[in-house]
Amino acid sequence: MTQLLPVGLTASATVAASSANLGPGFDSLGVAVGLYDEIIVETTESGLVVEVEGEGAGQVPLGADHLVVRAIERGLAATGLRAHGLLVRCRNVIPHSRGLGSSAAAVVGGLAVVNGLAAQVDSTTLDERQLVQLSSEFEGHPDNAAAAVLGGAVVSWTEEKITPAGGARYGAAPIRLHPDIHLFPGIPEVRSSTAETRVLLPDQVSHTAARFNLSRAALLVVALTERPDLLMPATEDVLHQPQRAPAMPASAEYLRLLRGCGVAAVLSGAGPAVLALSTSAELPRQALEYGAAHGFSVSEMSVGDGVRWSSGVTARA
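Residues numbered from 1 in each chain as written. Predicted model: local features only at pLDDT ≥ 70, side-chain atom pairs only at ≥ 80, totals over all residues. Heavy atoms only, no water.

Help me out: how do you make sense of the overall build of the protein in this one?
What the protein contains, in helices and strands, is 10 helices and 13 strands. Computed over C-alpha atoms, the radius of gyration of the protein comes to 20 Å, within 12% of the 20 Å expected from 2.2 N^0.38 for 317 residues, which places it in the range of a compact globule. Over its C-alpha atoms, taken along the principal directions, the protein stretches across nearly 60 × 40 × 35 Å. Relative to its 317 residues, the protein shows a buried fraction of 51%. By sequence separation, contacts in the protein at least 24 residues apart represent 74% of the contacts at least 6 residues apart. If you sum the accessible surface of the protein, you get close to 13,800 Å²; carbon and sulfur atoms cover 52% of it. (Helix = DSSP H or I, 4+ residues; strand = E, 2+ residues; numbered from the N terminus. Rg over C-alpha atoms; globule rule 2.2 N^0.38 Å. Buried < 20%, exposed > 50% of the residue type's maximum accessible area, 1.4 Å probe, protein only. Contact = heavy atoms within 4.5 Å. Areas by Shrake-Rupley, 256 points an atom, 1.4 Å probe, with all protein chains shown as cover.)

What is the right way to read unusual backbone geometry from this model?
For residues besides glycine, phi is generally negative; the peptide bonds are generally trans as well. In this chain, Gly271 is followed by Pro272 through a cis amide linkage whose omega measures 5°. When you line up the elements, Pro272 lands in the loop between strand E10 (264-267) and strand E11 (274-278). One non-glycine residue with positive phi stands out, namely Asn21, at about 80°. Tracing the backbone through its elements, the reader meets Asn21 in the loop between strand E2 (10-20) and strand E3 (29-44).

Hey, could you run me through the packing of aromatic side chains in this one?
The relation between two aromatic rings is expressed through the spacing of the ring centres and the mutual angle of the planes. For the structure shown, the criterion picks out 2 aromatic pairs. Ring geometry for Tyr254 against Phe296: centres 4.9 Å apart, planes inclined by 50°, an arrangement best described as tilted. Taken together, the residues span a long stretch of sequence, with Tyr254 in helix H9 (residues 249-260) and Phe296 in strand E12 (residues 296-298) at a distance of 42 residues. Judged by relative accessible area, Phe296 falls into the buried class, the value being 6%. Feature note: the residues Tyr254, Tyr290 and Phe296 constitute an aromatic cluster, connected by ring pairs. (Phe/Tyr/Trp six-rings, centres within 6.5 Å; stacked < 30°, edge-to-face > 60°.)

What is the right way to look at the packing of helix H3 (residues 128-139) against helix H4 (residues 143-150) in this model?
Relative placement of two packed helices is described by the angle separating their axes and the distance separating the axes. In contact at an axis separation of 8 Å, H3 and H4 are set at 150° when each is read in the N-to-C sense. Taken together, the axis directions place H3 and H4 in an arrangement best described as roughly antiparallel. Helix-helix and strand crossings are classified by hand; for H3 and H4 the assignment is right-handed. Of H4, the residues touching H3 (which contributes Glu128, Leu131, Val132, Ser135, Ser136 and Glu139) are Asn144, Ala145, Ala146, Val149 and Leu150. When the residues that make up the contact of H3 with H4 are grouped by side-chain class, the tally is 6 nonpolar, 3 polar and 2 charged. (Axes fitted to C-alpha atoms, helices over the stretch in contact; angles between N-to-C directions. Parallel < 35°, antiparallel > 145°, perpendicular 65-115°, else oblique. Left-handed = near helix turned anticlockwise from the far one by under 90°. Nonpolar A, V, L, I, M, F, W, Y, C, P; charged D, E, K, R; others polar.)

Quick question: what am I supposed to make of the confidence of the model for the protein here?
As a general rule, the predicted coordinates of low-pLDDT regions are not to be interpreted in detail. Model confidence for the protein is summarised by a mean pLDDT of 93, while 95% of its residues fall at 70 or above. Residue range residues 313-317 is modelled with pLDDT below 50. Its contacts to residues more than four positions away, or to other chains, number 12 contacts. (pLDDT = per-residue confidence, 0-100.)

Can you help me understand the nonpolar core in this one?
Note on soluble globular proteins: their nonpolar side chains tend to be buried together. Counting residues in hydrophobic clusters, the biggest one holds 50 residues, and the most contacted among them are Val41, Ile72 and Val88. Where this core is concerned, the elements lending two or more residues are E2, E3, strand E4 (47-54), helix H1 (67-78), strand E6 (85-92), helix H2 (102-118), H3 and H4. If you tally residues by element for this core, the top one is H2, at 10 residues. Every residue in contact with Val88, bar those within four places of it in the chain, is listed here: Ile39, Ile40, Val41, Leu48, Val49, Val50, Glu51, Val68, Val69 and Ile72. Formed by 17 residues, the second largest nonpolar core is a distinct cluster that contains Leu29, Ile175, Leu220 and Leu275. (Core = buried A, V, L, I, M, F, W, Y, C linked by side-chain atoms within 4.5 Å.)

Would you mind showing me how to read the packing of H1 against H2 here?
At a closest axis distance of 7 Å, the pairing of H1 and H2 adopts a crossing angle of 40°. Taken as axis vectors, H1 and H2 run oblique relative to one another. Read as a crossing pair, H1 and H2 show a hand that is right-handed. Within the contact between the two elements, H1 uses Leu67, Val68, Ala71, Ile72, Arg74, Gly75 and Leu76 and H2 uses Ser103, Ala106, Val107, Gly110, Leu111, Val113 and Val114. Of the residues that constitute the contact of H1 with H2, the class distribution is 10 nonpolar, 3 polar and 1 charged.

Help me understand H1, please; the structure alone is not making it clear to me.
Side chains that are three or four residues apart share a direction in an α-helix, a result of its 3.6 residues per turn. With 12 residues, H1 should reach 16 Å at 1.5 Å per residue; the first-to-last C-alpha distance of 16 Å fits that figure. Just beyond H1, the residue with positive phi is Gly80, at close to 70°. (Expected span 1.5 Å × (residues − 1).)

Would you mind showing me how to read the sheet that holds E12 here?
Whenever strands of a sheet pair, they do so through backbone hydrogen bonds, lying parallel or antiparallel. The 4 strands lie next to each other as E10-E11-E9-E12, forming an open sheet whose pairing is antiparallel. Among the strands making up the open sheet, the edge pair consists of E10 and E12. When strand polarity is set aside, the average angle formed by the axes of neighbouring strands in this sheet is 20°. Summarising the sheet, strand E9 (residues 182-188) and E12 pair through 3 bridges and their orientation is antiparallel. Looking across to E12, one finds that Gly186 is bridged to Val298. Contacts between H9 and the sheet are confined to E10, E11 and E12, with E10 contributing the most and set at about 165° to the helix. (Pairing = 2+ DSSP bridges.)

Whenever I open this one, the pattern of salt bridges confuses me. Can you help?
Where side chains of opposite charge bring their charged atoms close, a pairing between them can arise. Applying the stated criterion across every chain, the model contains 8 salt bridges. Across the salt bridge formed by Glu51 and Arg89, the nearest N and O atoms sit 3.4 Å from each other. You can see Glu51 sitting in strand E4 and its partner Arg89 sitting in strand E6, a full 38 residues away along the chain. In this structure Glu51 comes out as partly exposed when scored by relative accessible area, which is 35%. Judged by its relative accessible area of 26%, Arg89 is partly exposed. (Salt bridge = Lys/Arg side-chain N within 4 Å of Asp/Glu carboxyl O.)

Next up, the structure:
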């Protein structure tokens, strides 16, 4: 049975940016970053109105193919709800097409805001496990989506089992990020498409390369949680960053410079943003100067919280 939502309900959600891969943890490791998008939804008598402020304004579609709207529709279907019409307001801060999980944030936020509507009609809301599963179905991999849902640092995985809906199963578990680790995203002005950079990756890799990344990914969990002094070797990668370097030379050079200064830097997702993980509260002067000279906005950011939703005004986890 599908329940029709009454007109005039409002709900909101806030969702963080995220950085995926973290070097060797391709499609599995991620961390939420303290930049937040907000989605506000109101049920209306008919139709669909989409309003976008901030990032993406004037660039993203304002109809049913908007990613937030698609996620809302998926969330309504999953909770057995439907609406006569919707007014969807997106207040975006997360940069688009930079490797900071803007698409995952849109999907997670769209799904979560449905919880704010469902709670007002005593309908079952989506739990964290369901949010991870549904958002990862959009993405095709769970690293960014899981970080946006759970907040903090996460380990995620894909089970090649077919769900009743005909897709893979996705899972995620939070890990405690060591308090001495500081996050410094370097966000460039240029953009990049994940789809365009993913085609640069080979279909097959050597046993040696696979073994190398397996050891570094395992070490990275230790470094992130207990031994931040191991971040430099733990963030080494041979499976995707070297292959993507020709498509984003400024980012590749910035990584080389940061790591040459002893800072554990990685490509953020598919780039072109970079992420420096440091036990120091400041980056070396040389790194800051290079970033400023080459169009990178660099500043320390907090670790992001998990998605929060509310019925009306006050957001909750």
